[in-house]
Amino acid sequence: MSDRMWARQRFITQGCIDRHRLSTSATPESRVVLYRAPLGYGKSVQVAFAANIGDPERESAAYINTRSYPDSGEVSDSLLAALILYQIEEPEFRRMTKGDIDTFEALRDVLFKAKKTIKICLDGIGEAKHTADLIEDLISETPSKVKFFIAPSRAGALPRLSMMTDVVTYGADELAFTEEDIGELSGIGLEASNIITATAGWPALVRLMRQTPNPNLPVATWPETRSYFRDNLLIALPHSTRTFLCNAAMLEVISAECYGYVYKTEEADQEIAFLNEHYALLSPTGASGESMVIHPVLREYLRRVFNTSHRERRSYVLKRVAFWHWRRGEYLHSINAALEASDHRWARVVSDSIILDVALRQGEIDMLRTWFEKVPVRTIKKIASLSIGYAWILYFSQQARQAEDILASSLHPSFRGLGNLDEEGWRELVNAIGKATQDKLQDSQILCQKWIDSFGDRNIVGKGAALTCQAFIASSDRRLEDLERLSHKAAVANQSSNQHYAFIWLKTAEIQTELFKGDMVQAMNVLHQATTAAEKIQVPKTFSSKIFGALELQILQEKNHQQVSHESAQSSFDFALNYGVTDILLGCTQAYSRILYHQGYRDRAMALVEQSRLIAVERDLPRLNILTNVQLAEFTLLNNEESGAPILPDESELIFLPNQNQAIRAHIALLNSMYRLKLGKQFAVAEKYAKQAFQSASAISDARTKVAAQYCQALAAFALGSSTSAKRMILDANLLAEHLNCHFTQLWIKEALLSLSPIAQDLFDDLPDDYKANATKNPEVEIEDTSVPLVPSHAHSTITIKQISLLKYVSNGMTNKEIAERLLVTEDTVKWHMKKIFSELKVANRVQAVTEARLRGLI
């Protein structure tokens, strides 16, 4: 029997990954690991892996799998004790035991006197009282060297173990696959994030995805999924429980009260308790935990089963679900269920506050867009709140013309509820913010301020939205002080009104500002903070995950473009096309197109930018049109096509906000410099344009353009004979790029200059071998450490980037002379910088300076 169990252990682990985060190694203080989750979450796999031993001299293991027991019956306490003892002390087993009592005592004695680690791995153990008592006794009476890994036969078995100390329990959330787990698997040709989205991490479904020929279809429709649910998961449930689960799948959220109302029964609470105790197929949702949900793939499968077997009852059930949520004020659930039942009566009786709350505060753009498409247009045009809500949805779906038409129709005097809406200024608010989605930022700024002055005290939800819009405009125009002031005011209004949609856009403005500045370290920190905060306040992920993903694409493109897959980049670009305002779409376009161009997909890169340019023309977005034309001009220049000077915008075309114009001027000057460098005979002119680009970029704190401008200026200076000055400029540019994690900009401009000018190679060859500003010789001490943000209390330190790089050299044990040679400065200059550093950090020597700098997060 023991041999069969070990053969099963080897079979179970084949082709699987050992997830160490789910063992005692992840929590060394724990002696017992309990795995409680539905079928298919890898409980048996984890127990089987735990039974593996590395050094037989230091550890041993017993592996008990009840499926290897004759007739798969319940393992008695005496047999369990004998199996464990036999596997640990096989040679002495017969001498030590003559009966059940001897077996129990011998096992206790062996475990108590253990001199090496002993792992007891139990898979499928039930809850027979004597067996449960034995396990508890062994845990209680044995030393810390004895560790237990247990996957009970059902989710609620061995309940007393969960109350013991030194016990860690892993449920479905922990056992679900992460992107890192999927990265260790082979045979799935899909993006890890897409696999998680499709399967919600259910390991069995991920495994089926490796087998199905149609992985891009909905998971619930795969024949493999249907067979798995039908023949493995649901067959184990009693018939009444299967019926309950299938019915419950039709609910928006599951509770005994809702189920009882919809299906006219009083036994729902018993079924919910039974399901949770035996199969763990329901998960609590919300802070109270009173409502439950089913895994989304299983729910979709069960709904299909219900629709097939109860087709005639489907509409009736959904209408009862809708009415239940309506009575409780849960309007999102109510409207969703009613529309699924093809019942549009909600649109005629829905209150103004409800639709505007769902649209403006909760920002369910995608869902509402689907809803409105199902509602007859004549119904929308008869109700002011529907027209205003629909206009909002259209503006944020980048359909401004349709939005303006719908919004104009809401002025009709016969519209229901128009007076109340006008008192709170909803129509004016949608119009004001709608201008921003069209990139008419100056108009939007004026209208938002006018709205705040007129309605801000009466409409706190609208006030948060208007202030957030103003903050986003300040971000787009690089007005950092205004952004900080407006962000604070918007955050207060949004928090007081629980404004989810404005929260997302406010965080987007903050992240976007760091991207404009070129500070990828801070951009990633703000992104992580925003994601954490969104989860904490339960912001719907439908929109937030996509817009944050579009921003993350731009960050990763700079930090490490090799981490960006074409699938994820294309997904972010597609989202930006449909829902992104000009800055979001432009950022995704530039990031993805430059990655494509760098990887040799030049035609695809130019086609991508051309697609954005055509969108700009179609939607009448002149700033996007100009910037995409500038990007196309850059690609054309780098393609070495036989053409004249790049066709660039004239100054008279720059009609945007002041700093937006400055950003465009910087790009135009940079391209003019690159063109002169390509000609090979106008280096003084190239230098002049590079300086202009640097000055414009400096005026708006655009570090990435500054780096590119310094490279162009350095090449021009090198061509004019100023070799030392050129090398210093390159070094300064690299220090800035490395400090801010703008690695791709550094790579991009270097490759660009190498393709444009033959003397660029001479300049780069003349630089020190490690000219990239990474002064460290220790790979553990890197210039960037994105996991440790700057300590807030020292965020306004006057230490310069060059001085930070100098501190890194000092931490690596370099002398002043060596540092001077590396930085291409005199030794006296290094000493001067060291004095400044000592003064700023309030230290007396180099060792103290390095220690203090590390404490402050500077190195």
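In this text, all values refer to a predicted model and were calculated from it rather than measured experimentally.

A.B. asks: Help me understand a negative patch on the surface in this model?
C.D. replies: Together, E257, E266, E267, D269 and E290 make up a region of like negative charge exposed at the surface. In this structure, E290 sits in the loop between strand 6 (282-285) and strand 7 (291-294).

A.B. asks: Any chance you could explain helix 40 (residues 743-756) here in plain terms?
C.D. replies: For the α-helix, the turn length of 3.6 residues means that residues three or four positions removed from each other point alike. An ideal rise of 1.5 Å per residue puts 20 Å on 14 residues; helix 40 measures up with 20 Å between its terminal C-alpha atoms. Within the sequence span of helix 40, burial applies to H743, F744, T745, Q746, W748, I749, A752, L753 and L756.

A.B. asks: What is the right way to look at the sheet that holds strand 1 (residues 32-35) in this model?
C.D. replies: Within a sheet, adjacent strands bond to each other through the backbone by hydrogen bonds, running parallel or antiparallel. Sheet architecture is open: five strands sit in the order 2-3-4-1-5, paired in parallel fashion. Looking at which strands have only one partner, the edges of the open sheet turn out to be strand 2 (59-65) and strand 5 (167-170). For this sheet, the mean angle separating the axes of adjacent strands, direction not counted, is 15 degrees. Bridge count for strand 1 against strand 4 (residues 146-152) is three bridges, and the pairing is parallel. Counted as the bridge partner of L34 is I150 from strand 4.

A.B. asks: Got a minute to help me understand the confidence of the model for the protein in this structure?
C.D. replies: Caution applies to low-pLDDT regions: their predicted coordinates should not be interpreted in detail. In the predicted model, the protein carries a mean pLDDT of 86, and the fraction of residues at 70 or more is 89%. For residues 771-796, every residue scores under 50 in pLDDT, and the model assigns this stretch 45 contacts once sequence neighbours within four places are set aside.

A.B. asks: So what exactly am I meant to see when it comes to the packing of aromatic side chains here?
C.D. replies: Applying the stated criterion to the full structure yields 26 aromatic pairs. Residues Y501 and W505 carry aromatic rings whose centres are separated by 6.4 Å and whose planes lie at 85 degrees to one another, so their mutual orientation is edge-to-face. With a gap of four residues between them, Y501 and W505 both fall in helix 29 (residues 500-517), about one helical turn apart. For Y501, a relative accessible area of 2% corresponds to the buried category. W505 sits in the buried class, given a relative accessible area of 7%. Grouped by ring-pair contacts, the aromatic residues W392, F396, F472, Y501, W505, F543, F575 and Y579 constitute a single cluster. Above the plane of the ring of Y261 lies R320, whose end atom (NZ or CZ) is 4.3 Å from the centre. Residue placement shows R327 over the ring face of Y261; its charged tip is 4.8 Å from the ring centre.

A.B. asks: Is there a simple way to think about the environment of S144 in this case?
C.D. replies: Among the secondary structure elements, S144 is positioned in the loop between helix 6 (129-141) and strand 4. Along the sequence, S144 and V32 sit 112 residues apart, while their C-alpha atoms lie 9.8 Å from each other.

A.B. asks: Looking at this model, I keep getting lost on the packing of helix 27 (residues 460-476) against helix 29. Mind explaining?
C.D. replies: Axes are the key here: two packed helices are described by the angle between their axes and the distance separating the axes. One way to put it is that helix 27 packs onto helix 29 with a least axis distance of 9 Å and a crossing angle of 10 degrees. With respect to each other, helix 27 and helix 29 are oriented roughly parallel. Judged by residue contacts, G464, A465, T468, A471, F472, S475 and S476 of helix 27 engage A502, W505, L506, T508, A509, Q512, T513 and F516 from helix 29. Class assignment for the residues of the contact of helix 27 with helix 29 results in eight nonpolar, seven polar and no charged.

A.B. asks: Sorry, what's going on with the side chain of N816 here?
C.D. replies: Relative to the elements of secondary structure, N816 occurs in helix 43 (residues 816-823). Contact partners of N816, with chain neighbours within four places excluded, come to E827, V830, K831, M834 and R846.

A.B. asks: Explanation requested: the pattern of salt bridges in the structure shown.
C.D. replies: All told, the structure shown has 25 salt bridges when counted by the stated rule. A salt bridge links E510 to K507, with the shortest nitrogen-to-oxygen separation between them at 3.4 Å. Of this pair, E510 and K507 both sit in helix 29, three residues apart, roughly one helical turn. Using a relative accessible area of 22% as the deciding quantity, one classes K507 as partly exposed. Measuring nitrogen to oxygen at the nearest pair gives 2.9 Å for the salt bridge that ties R856 to E852. Via salt bridges that share partners, E105, R108, D137 and E141 belong to a single interconnected network.

A.B. asks: Honestly, the environment of T582 in this entry has me stumped. Any pointers?
C.D. replies: Among the secondary structure elements, T582 is positioned in helix 33 (residues 582-598). Separated by 144 residues in the primary sequence, T582 and Q438 have C-alpha atoms spaced 7.8 Å apart. Non-local contacts of T582, meaning those with residues more than four positions away in its chain, are made with D439, L621, R623 and L624.

A.B. asks: So what exactly am I meant to see when it comes to unusual backbone geometry here?
C.D. replies: Negative phi characterises most residues that are not glycine, and trans characterises most peptide bonds. Within the chain, A200 stands out as a residue other than glycine whose phi angle is a positive 55 degrees. A200 gets classed as partly exposed once you look at its relative accessible area, which sits at 33%. With a phi close to 55 degrees, K264 is a non-glycine residue in the positive phi region. Tracing the sequence through the fold places K264 in the loop between helix 13 (256-263) and helix 14 (268-278).

Calculation criteria
Residues numbered from 1 in each chain as written. Predicted model: local features only at pLDDT ≥ 70, side-chain atom pairs only at ≥ 80, totals over all residues. Heavy atoms only, no water. Patch = residues over 30% accessible without salt bridge, like charges linked within 9 Å, V, L, I, M, F, W, Y side chains within 5 Å. Areas by Shrake-Rupley, 256 points an atom, 1.4 Å probe, with all protein chains shown as cover. Salt bridge = Lys/Arg side-chain N within 4 Å of Asp/Glu carboxyl O. Lys, Arg positive; Asp, Glu negative; His and termini not counted. Charge placed at Lys NZ, Arg CZ, Asp CG, Glu CD. Helix = DSSP H or I, 4+ residues; strand = E, 2+ residues; numbered from the N terminus. Expected span 1.5 Å × (residues − 1). Buried < 20%, exposed > 50% of the residue type's maximum accessible area, 1.4 Å probe, protein only. Pairing = 2+ DSSP bridges. Axes fitted to C-alpha atoms, helices over the stretch in contact; angles between N-to-C directions. pLDDT = per-residue confidence, 0-100. Contact = heavy atoms within 4.5 Å. Phe/Tyr/Trp six-rings, centres within 6.5 Å; stacked < 30°, edge-to-face > 60°. Lys NZ or Arg CZ within 6 Å of the ring centre and 35° of its normal. Parallel < 35°, antiparallel > 145°, perpendicular 65-115°, else oblique. Nonpolar A, V, L, I, M, F, W, Y, C, P; charged D, E, K, R; others polar.

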